[in-house]
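As a plain string of letters, each chain reads:
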Amino acid sequence: MRYLAIVEYDGTNYSGFQSQKNANTIQDAIEKAFRLMTQTEVKIYGSGRTDKGVHAIGQTFHFDSDLNIDIETWEKALNKRLPGDIRIKKIIKKKNSFHARHSAKSKIYKYIISKRELSAFEYNHMVYIEKFDLSLAKLACEDLVGTHDFIGLSQYVLNKPTIKTIYSVNIKETKDKITFFFHGNAFLKYMVRSIMGTLIEIATKRKPVNQFNIIFEQKLRSLAGKTASPKGLYLVKVFY
């Protein structure tokens, strides 16, 4: 039987989602919880990686098990064995042809910028940018929507196609913060953080408002801003 799980986590104390040698990862913590619960090895397959320090509200993974366990028991028993900063939100039965990564149609990420200096409890969950001009950021975001070659706004990975489509960029402003929502068909390594790093430089008047178009034309990573901190980034939802 194949299952889809939706998981949320605070990525502060982890080296990303995907298992790595000599590193504390979300995947390792979840697989350990499965091992403690079932006394068997259960391999999980994520919808994609998230970087060290990045958070998730709706990361997904699938796993297979022939054990006769109902959904509610899976959810409660796993959460009982997981660290408090990782929570299984929901588990759903799926067809065996389903794959958490290959079946994904699109994803939404969000990035949070604080409009005031951060408290100790906010420090790992957003970034404070002084003199951030939202009107400039809004203009720049218009150039991101559509299909582009994002090689200049990511870390290149051999044989990974760099042409991606951004369906929308939505911005929500409150009294204390600005949140950017990016909905795209897929995202490259460091892509959202490179976009945000460039947006921050545009909004603080260190780069021109048309900088994204310049990067798309010249395809040079050196034209983008510094990769933004991971602590403001959240994987919000994976669509299937």
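Within every chain, residues take consecutive numbers counted from 1 along the sequence as written. Given that the model is predicted, a residue must reach a pLDDT of at least 70 before its local features are reported, and side-chain atom pairs must reach 80 or more before they are shown or counted; all residues, however, enter totals for whole chains, interfaces and linings. Derived side-chain values reflect all non-hydrogen atoms in the structure, with water molecules and hydrogen atoms excluded from consideration.

Lay out the overall build of the protein chain in plain terms, naming residues and giving numbers.
We count a stretch as a helix when DSSP gives it H or I for four or more residues in a row; a strand needs E for two or more, and each element gets its number in order from the N terminus. Across its full length, the protein chain holds 5 helices and 10 strands. We take the radius of gyration over the C-alpha atoms and set the globule estimate at 2.2 Å times the residue count to the 0.38 power. Over its C-alpha trace the protein chain gives a radius of gyration of 19 Å, about what one expects of a compact globule, namely 18 Å for 240 residues. Structurally, the protein chain occupies a C-alpha span of about 60 × 40 × 30 Å along its principal axes. Only protein chains enter the accessibility calculation, which uses a 1.4 Å probe; a residue is then buried when its area is under 20% of its type maximum, exposed when over 50%, and partly exposed in between. Here the protein chain, with 240 residues, has 50% of them falling under the buried criterion. Here, residues are in contact when the closest pair of their heavy atoms is within 4.5 Å. Put simply, of all contacts in the protein chain between residues at least 6 apart along the chain, 70% involve residues at least 24 apart. In these tables, accessible area is a Shrake-Rupley quantity obtained with a 1.4 Å probe, and a residue counts as shielded only by the protein chains included in the view. Total accessible area on the protein chain is roughly 12,400 Å²; 50% of this is exposed by carbon and sulfur atoms. For this count, His and the chain ends are skipped, Lys and Arg are scored as positive, and Asp and Glu as negative. Every charge is mapped to an atom, namely NZ of Lys, CZ of Arg, CG of Asp or CD of Glu. Distance between charge centroids for the protein chain: 2 Å, based on 39 positive and 23 negative side chains.

I'd like a rundown of the pairing of strand S10 (residues 233-239), residues and numbers included.
Note: strand S3 (residues 55-64) against S10, 2 bridges, orientation parallel. Pairing of Ala56 across the sheet is with Leu235, part of S10. Strands are labelled as partners when DSSP assigns at least two bridges between them.

Give a detailed account of helix H3 (residues 134-141), specifying residues and quantitative values.
If you check which residues of H3 are buried, you get Leu134, Ala137, Ala140 and Cys141. Seen from one end, H3 has its buried residues packed into an arc of 120°, which puts them on one side. Residues of H3 that are buried make contact with strand S8 (163-173), strand S9 (177-184), helix H4 (191-203) and helix H5 (211-218). Note: the arc covers the axis-to-C-beta directions of the helix.

For the packing of H3 against H4, give the residues involved together with the corresponding values.
Interaxial distance between H3 and H4 falls to 8 Å at its minimum, and their mutual angle equals 130°. Of the possible angle classes, the one that applies to H3 and H4 is oblique. Between H3 and H4 lies a crossing of right-handed hand. Two secondary-structure elements touch here, H3 through Leu136, Ala137, Ala140 and Cys141 and H4 through Leu199, Ile202 and Ala203. Side-chain classes follow a simple rule in which Ala, Val, Leu, Ile, Met, Phe, Trp, Tyr, Cys and Pro form the nonpolar group, Asp, Glu, Lys and Arg form the charged group, and the remainder, Gly included, forms the polar group. Of the residues contributing to the contact of H3 with H4, the split by class is 7 nonpolar, no polar and no charged. Axes here refer to lines fitted to C-alpha atoms; in helices the fit is confined to the stretch in contact. Angles between the N-to-C directions go from 0 to 180 degrees. The scheme is simple: roughly parallel for angles under 35 degrees, roughly antiparallel for over 145, roughly perpendicular for 65 to 115, oblique for anything else. Left-handed describes a crossing whose near helix is turned anticlockwise from the far helix by less than a right angle; the clockwise case is right-handed.

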